[in-house]
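Tertiary structure, described
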Amino acid sequence: RHPEYLPTKTARSRFGAETGVEVVDVQHHHAHVAACLAEHGEPVNCRPVMGVLLDGLGWGDDGELWGGEFLVADYRGYERVAHFLPVALPGAAKAMRDPWRNTWAHLEAAFGWETVVREWRDLEGVRDIDSRPVGTLKQMLERSLNCPPASSAGRLFDAVAGILGICPDGMSHEAEAAMALEALARPVIAEESGSAYPVAIEDGSPAVVRWEPLWSALLGDLRAGTGHDRISARFHLALAAAVGGLAAVEAGRRQLSKVVLSGGVFQNRLLLEAVARRIRSAGLDVLTHRRFPANDGGIALGQAAVAAARSIEKANW
């Protein structure tokens, strides 16, 4: 659906009314849900499920970038019932390579950077980021210049990695910072099971997951000298509790029995297993990927399934 993506432009320019070939727009995160449903053999007329989609980004219905999404969906359609707080991507594509940009954006959104420097300048991570061109980023943000907001789960991982000094000179490959965080957390996560950081849920339609309490606790741990491995573990546990808990609540409100977990961030085994446990403990079934990738490698399957379901629905009219 993204209007600037080459496949979208190609489809719209080569097909359409003149050829008699219908061009079907499929929202990115809806395709993630549909791919998982298709993989599990769910019928075209299946009951709606709660879809939890965590990834880097996908074009949303509101023209913004989505990436931390809770959708009530079937093959034919969906409703966005909750999402992560949208935070700016300073420099747009550059924010996908430089974790520190996301750290700055998240802390700017949570407290304002001036407050962060005043209250936490003793932290090495804060001093390092403050030595970078944050003044330029502030001006870009104020002018809405190349700082698109995104509810991205992937960039949240990058933000946490950035404050810990991971990939300070940029990532050499996609998800490098997130993979480093997972590796840090793995040896100690069982010991930290009761130490998840707090997260705020803002009620509404849709509900919004906010990160101010998490950042306060995380910065406090840094000041106290807590090891980066334990900080990463507490972050993973916080995210799992917030995501799993919210998915269970929203599914319960709508009497849904199944929850789909998809998107590239769910390639993180620690997070996937923790979220799935939380949802299953609420008596819900969890569908995850086994044969097809959770990341964008599975998108084409979902797009095809959505297009087929809509075609079948039209034929039945």
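All of the points below concern the structure found in this document. Being a predicted model, the structure only gives us computed values, none of them experimental. (Residues numbered from 1 in each chain as written. Predicted model: local features only at pLDDT ≥ 70, side-chain atom pairs only at ≥ 80, totals over all residues. Heavy atoms only, no water.)

1. Details of the overall build of the protein
Helix and strand content of the protein: twelve helices and nine strands. Relative to the compact-globule value of 20 Å for 317 residues, the protein shows a C-alpha radius of gyration of 20 Å, a close match. Each principal axis of the C-alpha atoms in the protein carries an extent, and together these give about 65 × 45 × 35 Å. Taken across its 317 residues, the protein has 52% of its residues classed as buried. The long-range share in the protein, meaning contacts at least 24 apart out of those at least 6 apart in sequence, stands at 71%. If you average the places of the 33 positive and of the 39 negative side-chain charges in the protein, the two averages end up 2 Å apart. (Helix = DSSP H or I, 4+ residues; strand = E, 2+ residues; numbered from the N terminus. Rg over C-alpha atoms; globule rule 2.2 N^0.38 Å. Buried < 20%, exposed > 50% of the residue type's maximum accessible area, 1.4 Å probe, protein only. Contact = heavy atoms within 4.5 Å. Lys, Arg positive; Asp, Glu negative; His and termini not counted. Charge placed at Lys NZ, Arg CZ, Asp CG, Glu CD.)

2. A look at the packing of helix α3 (residues 99–110) against helix α9 (residues 212–224)
It is the contact of α3 with α9, at a shortest axis distance of 10 Å, that shows an interaxial angle of 115°. Comparing the axis directions of α3 and α9 gives the class roughly perpendicular. The chirality of how α3 crosses α9 is left-handed. Seen from α3, the contacting residues are His106, Leu107 and Ala110; seen from α9, they are Glu212, Trp215 and Leu219. Across the contact of α3 with α9, the residue classes break down as four nonpolar, one polar and one charged. (Axes fitted to C-alpha atoms, helices over the stretch in contact; angles between N-to-C directions. Parallel < 35°, antiparallel > 145°, perpendicular 65-115°, else oblique. Left-handed = near helix turned anticlockwise from the far one by under 90°. Nonpolar A, V, L, I, M, F, W, Y, C, P; charged D, E, K, R; others polar.)

3. Let's talk about helix α11 (residues 269–280)
When the terminal C-alpha atoms of α11 are compared, their 16 Å separation across twelve residues agrees well with the 16 Å that a helix rising 1.5 Å per residue should span. Looking at α11, one finds that the buried residues are Leu270, Leu271, Leu272, Ala274, Val275, Ala276 and Ile279. Looking at the buried residues of α11, the elements they touch are β1 (49–59), α7 (153–163), α8 (176–185), α10 (228–253), β8 (258–262) and β9 (285–287). (Expected span 1.5 Å × (residues − 1).)

4. Focus: the nonpolar core
Ranked by internal contacts, the top residues of the largest apolar core, which has 74 residues, are Met50, Val52, Phe70, Phe84, Ile163, Trp215 and Leu261. The element best represented in this core is α10, accounting for ten residues. Formed by 18 residues, the second largest nonpolar core is a distinct cluster that contains Val33, Leu37, Val260 and Leu287. (Core = buried A, V, L, I, M, F, W, Y, C linked by side-chain atoms within 4.5 Å.)

5. Looking at the packing of aromatic side chains
Both the distance between ring centres and the angle between the ring planes are used here to describe each pair of aromatic rings. Taken as a whole and judged by the stated rule, the model has four aromatic pairs. Each ring, one from Phe84 and one from Trp211, has its centre 4.9 Å from the other, and the planes form 85°; the classification is edge-to-face. Linking Phe84 in strand β3 (residues 78–84) with Trp211 in the loop between β7 (207–210) and α9, this pair joins segments that are 127 residues apart in sequence. With respect to class, Phe84 is no different from Trp211; both count as buried. Ring geometry for Phe111 versus Trp120: centroids 5.5 Å apart, planes at 50°, classification tilted. (Phe/Tyr/Trp six-rings, centres within 6.5 Å; stacked < 30°, edge-to-face > 60°.)

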